[in-house]
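Fold and contact review
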Amino acid sequence: MSEDLPADGRLQRGARARRTITRHAVDVASLDGLDGLSLGRLATDLRLSKSGIQTLFRTKENLHLATVDAARELFVDAVVRPAQDAAPGAARLRALVANWIDYAEKPLFAGGCFWAANLPDFDSRPGPVRDALARQHRDWLSVLAAEYRHAATAGEIAPLDADLAAFQTDAVLTAANTALRLDDPDATSKARRAIDGLLARP
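Throughout what follows, the structure given in this document is the object of discussion. Treat the numbers as computed from the prediction; the structure is a model and nothing was measured. (Residues numbered from 1 in each chain as written. Predicted model: local features only at pLDDT ≥ 70, side-chain atom pairs only at ≥ 80, totals over all residues. Heavy atoms only, no water.)

**Observations regarding the packing of helix H4 (residues 60–83) against helix H7 (residues 128–153)**
- Remark: H4 packs on H7, axes separated minimally by 9 Å, with the N-to-C direction vectors making an angle of 10°. Of the possible angle classes, the one that applies to H4 and H7 is roughly parallel. Across from Glu 61, His 64, Leu 65, Val 68, Arg 72, Phe 75, Val 79 and Val 80 in H4, the residues of H7 making contact are Pro 128, Val 129, Ala 132, Leu 133, Gln 136 and Trp 140. (Axes fitted to C-alpha atoms, helices over the stretch in contact; angles between N-to-C directions. Helix = DSSP H or I, 4+ residues; strand = E, 2+ residues; numbered from the N terminus. Parallel < 35°, antiparallel > 145°, perpendicular 65-115°, else oblique. Contact = heavy atoms within 4.5 Å.)

What follows is the structure, given as structure tokens:
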């Protein structure tokens, strides 16, 4: 038993270090993109040894994948999970949109929306990082589409193409993120008005 304790302690320390590193990596990648992320930069920023970071992640691609995963968890915690308290359909859609705007306005990540910063860089670059980014994007669209479908079926909103409405909502929110970064004071009010049009009662 005593021989297991040091190993457990090392695992816990490694998990804590990994969380600290990936949280900072998400901020860096939201500002400079995943291409601006390297083991050496993180070592310098966090005053850690490059070899220690390399031991945790092995390769730059693994670091990028861990960063995408950390960004996804933080996004879900900030935007998706809190909206589950709202009733399915229109109320939950409004909660998702409000949470997303709060996520971009605060912002949760130093450079604003992590996905808006990185999807354009990897959309034409096949590989595991692109796949991870695309999977998150599909999951987000699926969350929105499911709520639009529920709202339309329940008669809360006018009949519509739920997948198209999800696409439009994501496009509006992505545009709002860019406008926020460019200091447009009306960015979020424009986004709300555009999405309110999709949520109009029949």
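**Quick word on the nonpolar core**
- Counting 55 residues, the largest nonpolar core has Leu 34, Trp 100, Tyr 103, Phe 114, Trp 115 and Trp 140 as the members making the most contacts within it.
- When neighbours within four sequence positions are excluded, Trp 115 is seen to be in contact with Val 68, Ala 71, Arg 72, Phe 75, Tyr 103, Pro 120, Leu 133 and Gln 136. (Core = buried A, V, L, I, M, F, W, Y, C linked by side-chain atoms within 4.5 Å. Buried < 20%, exposed > 50% of the residue type's maximum accessible area, 1.4 Å probe, protein only.)

**Considering the environment of Arg 94**
- Inspection of the secondary structure assignment puts Arg 94 in helix H5 (residues 90–105).
- Overall, Arg 94 belongs to the partly exposed group, its relative accessible area being 42%.
- Spatially, the C-alpha atom of Arg 94 lies 9.1 Å from that of Arg 192, the residues being 98 residues apart in sequence.

**Notes on the packing of H4 against H5**
- Two numbers describe how H4 lies on H5: the axes approach to 8 Å, and their chain directions differ by 155°. Here H4 lies roughly antiparallel to H5, going by the angle between them. Of the two possible hands of crossing, H4 and H5 adopt the one that is right-handed. Residues Phe 75, Ala 78, Val 79, Val 80, Pro 82 and Ala 83 of H4 touch H5, and the partners they reach there are Arg 92, Ala 95, Leu 96, Asn 99, Trp 100 and Tyr 103. (Left-handed = near helix turned anticlockwise from the far one by under 90°.)

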